[in-house]
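Chain and residue survey
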Amino acid sequence: FLAAADGLGSIAIDTTQLNMSVTDPTAWATAMNNLGMVPVGLAGQQLVTDSICVPGFDPSLSMMTGITPINPMIPGMGLVPPPPPTDVPVVKEIIHCKSCTLFPPNPNLPPPSTRERPPGCKTVFVGGLPENATEEIIQEVFEQCGDITAIRKSKKNFCHIRFAEEFMVDKAIYLSGYRMRLGSSTDKKDSGRLHVDFAQARDDFYEWECKQRMLAREERHRRKMEEDRLRPPSPPAIMHYSEHEAALLAEKLKDDSKFSEAITVLLTWIERGEVNRRSANQFYSMVQSANSHVRRLMNEKAAHEQEMEQAKESFKNALTGILTQFEQIVAVFNASTRQKAWDHFSKAQRKNIDIWRKHSEELRNAHSEQLMGIRREEEMEMSDDDSADNPSKKLRVDDSALAAQAYALKEENDSLRWQLDAYRNEVELLKQEKGQLFRTEESLTKDQQLQFLQQTMQGMQQQLLSIQEELNNKKSELEQAKEEQTHTQAMLKVLQEQLKSTKELAEINGHDESQANEINVLTVALVNQDREKNSEKRSPGLKSEKEALLIGIISTFLHVHPFGANIEYLWSYMQQLDSRISANEIEMLLMRLPRMFKQEFTGVGATLEKRWKFCAFEGIKTI
């Protein structure tokens, strides 16, 4: 039943065996044997054979060694057969043990979830155990998955089981979801649903690290051995100088096949400082032997140069033959394009012939240029040789050489003229592009300067307009102040005259002093009223709709607070309506309207507090 636990698909299951009845004991035993499990009452053999498990493989080996190992679990690699097709469902069967019975989960439910597998995991967590389950029963159930090294059972319904190998954990995970029942009891304490999951243990991780370090050491050793095997052999060690070795080296220097090796030894000895008065004659003879090879090397060079000249000559002859054949092919195409033969070809044939003719002409011209270049090089070499041997030989050049030289010079002249024209065109284009760039840069700088000047002019105009408006406002205020001053002076004169007249009348008529006091009070009231009117005229009006709205809200707030409110309380209330308003702005607005709001001091000493009150209705009552 644990074929799915390994995920290898190495056990083929017939569908008739999957759907058979469990009540038949013979069929049940046959099915358990086919699935790799021992039936009830038989001595234990492992659920899945160890031959299909590869305990030595670790996919994280590449992290420590830097190489990508071959995964032996990949199907088709020859180690493991391919997995079963996904359309064949794997049906879990009932598992009978001596002390308990394991019932499979519902196949329609999703598979039980597991955590991420820790590296080198050999320990599993088993939860959902029956309360009456003992260590012996747990070992009886899970020892079929492999050798158990330790069981740590908790007082609650779970335990930790550590196996000997990593692949045994996969067999134990297969049992997750099974319902475990002890014997035939129906008590809740004798049943429970198993939950098997990977567990993280320090011992497992330590063993895994040791194993990975061992594998990394083996891999490094293998690589070193491979590098040593592929490394080129070191040059032989240079022997120390002695008279015997010097005699042998002198013989080797005379041999052409051993000259390279011998000259290296001679150079090493000289650099080591082996030359002295005693060995100077031997070293001189060896140097003389090395000098004798100069003639041999020059002869070899001359032979190679002769071979190169012969190869050049053969190449030139072959190229001449190829060029002749190209000329013949081009002549065939030219003859085909004449009207006698051209009219008989179809349109497609004419098109192909025209393409072939152009291609052949291009190849012919390329080969002719190459051949002319070879001839020019030969003529230059010949002219150099002639000038070195005898300058008078320059006058003996035949007509064919002169004609070839003239043709070559003409071609060079034409090519130089074409290059000069191309350079002129490029220079003109560069000049035009450069002029356009300069123009664009100058225009951009001028546009930026004009834009900057326009912006500064607009700013200055706005400042001038604002200054003019302020000047006009100041002038109007000054005129109003002058008018108010003249008005008050006139009123004072009138009141003084009235006061004098009333005093004279009082003295004449004999009125008492109380009447005079009443008259003084009336005059003072008139003056105060006049001053209040003047102050109302002087006080500026509301600047915006926002200030009117603020005055209405503040008036309403202070009206419902007859004992007044300090500026912080008022500002906290206004902050809820407009978060951008400040306490200073509210205080300035209240100070601008003394007829509506007045400020009073309340309290004594440390409790002294300034409060604002709404006093507009008091002025109406007095009036």
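Predicted, not measured: the structure shown is a model, and the values here were computed from it.

Attention now moves to the overall build of the chain. Of regular secondary structure, the chain possesses 18 helices and ten strands. A buried classification covers 24% of the 623 residues belonging to the chain. Long-range contacts, defined here as pairs at least 24 residues apart, represent 63% of the contacts in the chain between residues at least 6 apart. Counting only carbon and sulfur atoms, one obtains 56% of the accessible surface of the chain, whose full area is about 44,600 Å².

The next subject is the UniProt feature "coiled-coil region" (unreviewed entry) in the chain. Under the UniProt annotation, the feature "coiled-coil region" (unreviewed entry) is placed at residues 287–314 and 406–498. Along residues 287–314 the backbone is 100% helical and 0% strand, and the end-to-end C-alpha distance reaches 41 Å.

On to helix α15 (residues 545–559), then. Spanning 15 residues, α15 covers 21 Å between terminal C-alpha atoms, matching the ideal 21 Å at 1.5 Å per step. On its buried face, α15 sits against α16 (567–577), α17 (583–591), β9 (597–602) and β10 (609–614).

With that out of the way, let us pick up the pattern of salt bridges. Any two side chains of opposite charge can pair, on the condition that their charged atoms come close. Tallying each qualifying case throughout the model produces 23 salt bridges. Two residues, Asp-170 and Arg-117, come together in a salt bridge whose shortest N-O distance is 2.6 Å. A residue pair is termed long-range when its members are at least 10 positions apart, and Asp-170 in helix α6 (residues 167–173) and Arg-117 in the loop between β2 (100–103) and β3 (123–127) qualify at 53 residues. Under the relative-accessibility criterion, Arg-117 is labelled partly exposed at 30%. Here Arg-162 makes a salt bridge to Glu-207, at a shortest N to O gap of 3.0 Å. Taken together, the residues span a long stretch of sequence, with Arg-162 in strand β5 (residues 158–163) and Glu-207 in helix α7 (residues 202–230) at a distance of 45 residues. The structure contains a network of salt bridges with shared partners spanning Lys-122, Arg-162, Asp-204 and Glu-207.

Overall, antiparallel pairing links the four strands, which are arranged β1-β2-β6-β7 in an open sheet. At either margin of the open sheet sits one strand with a lone partner, and together these are β1 (95–96) and β7 (191–193). Bridging between strand β6 (residues 179–182) and β7 involves three bridges; their strand directions are antiparallel. Within β7, the position partnered with Arg-179 by the bridge is Arg-193.

This part takes up the packing of aromatic side chains. If you walk through the whole model with that rule in mind, you get nine aromatic pairs. Seen from their ring centres, Phe-125 and Phe-158 are 5.6 Å apart, and the 35 degrees between their planes marks the pair as tilted. Of the two residues, Phe-125 is situated in strand β3 and Phe-158 in strand β5; the sequence distance between them amounts to 33 residues. Judged by its relative accessible area of 25%, Phe-125 falls in the partly exposed class. Judged by centre distance (6.5 Å) and plane angle (80 degrees), the rings of Trp-269 and Phe-283 are edge-to-face. You can see Trp-269 sitting in helix α9 (residues 259–272) and its partner Phe-283 sitting in helix α10 (residues 280–336), a full 14 residues away along the chain. Residue Phe-283 is classed as buried on the basis of its relative accessible area, which comes to 3%. An aromatic cluster of three or more residues is present, and its members are Tyr-241, Trp-269 and Phe-283. Against the face of Tyr-174 rests Lys-92, its NZ or CZ located 4.6 Å from the ring centre.

On to the confidence of the model for the chain. Summary statistics for the chain give a mean pLDDT of 77 and a share of 75% for residues scoring 70 or more. Residue range residues 31–81 is modelled with pLDDT below 50. Its contacts to residues more than four positions away, or to other chains, number 84 contacts. Low pLDDT, under 50, characterises residues 391–397; the stretch is placed with four contacts to residues that sit more than four places away or in other chains.

Next up on the list: the nonpolar core. Within soluble globular proteins, side chains that are nonpolar tend to cluster in buried spots. Grouped together as the largest cluster of nonpolar side chains are 31 residues, with contacts concentrated most on Val-126, Phe-142, Ile-161, Phe-163 and Met-180. Of all elements in the fold, only β2, β3, α5 (135–142), β4 (148–153), β5, α6, β6 and β8 (195–198) reach the threshold of two or more residues within this core. Ranked by residues supplied to this core, first place goes to α6 with five residues. Not counting chain neighbours up to four residues away, the residues in contact with Ile-161 comprise Lys-122, Thr-123, Val-124, Val-126, Ile-138, Phe-142, Ile-148, Ala-150 and Ile-151. Residues Leu-570, Ile-581, Leu-593 and Trp-612 belong to the second largest nonpolar core, which totals 18 residues.

With respect to the helices and strands, the residue Ser-555 is situated in helix α15. Look at Ser-555 and you get buried, because its relative accessible area is 11%. Residue contacts for Ser-555: discarding those within four places in its chain leaves Met-596, Phe-597 and Phe-614.

With that settled, the discussion passes to the sheet that holds β5. Strand order in the open sheet made by the four strands is β4-β5-β3-β8, with antiparallel pairing throughout. Pairing within the sheet leaves two strands with one partner each, and these edge strands are β4 and β8. Each adjacent strand pair in this sheet contributes to an overall mean axis angle of 20 degrees, direction not counted. Pairing analysis gives four bridges linking β3 to β8, with the strands arranged antiparallel. Following the sheet pairing, Val-126 is matched in β8 by Val-196. Packed on one face of the sheet, α5 meets β3, β4, β5 and β8 and runs near 140 degrees to β4.

A word on empty space enclosed by the protein. One pass over the full model with this rule turns up six cavities of 30 Å³ or more. The calculated volume of the second largest cavity comes to roughly 50 Å³. Surrounding the second largest cavity, Pro-118, Pro-119, Cys-121, Ala-199, Gln-200, Ala-201, Asp-204 and Phe-205 form its lining.

Procedures and definitions
Residues numbered from 1 in each chain as written. Predicted model: local features only at pLDDT ≥ 70, side-chain atom pairs only at ≥ 80, totals over all residues. Heavy atoms only, no water. Helix = DSSP H or I, 4+ residues; strand = E, 2+ residues; numbered from the N terminus. Buried < 20%, exposed > 50% of the residue type's maximum accessible area, 1.4 Å probe, protein only. Contact = heavy atoms within 4.5 Å. Areas by Shrake-Rupley, 256 points an atom, 1.4 Å probe, with all protein chains shown as cover. UniProt positions renumbered as here; feature names shortened; annotations may be inferred. Expected span 1.5 Å × (residues − 1). Salt bridge = Lys/Arg side-chain N within 4 Å of Asp/Glu carboxyl O. Pairing = 2+ DSSP bridges. Phe/Tyr/Trp six-rings, centres within 6.5 Å; stacked < 30°, edge-to-face > 60°. Lys NZ or Arg CZ within 6 Å of the ring centre and 35° of its normal. pLDDT = per-residue confidence, 0-100. Core = buried A, V, L, I, M, F, W, Y, C linked by side-chain atoms within 4.5 Å. Axes fitted to C-alpha atoms, helices over the stretch in contact; angles between N-to-C directions. 1 Å grid on protein atoms, 1.4 Å probe; cavity = no way out; pocket = protein on both sides within 12 Å on 5 of 7 lines; lining within 4 Å. Points joined across faces, edges and corners; volume = space filled by probe spheres on them.

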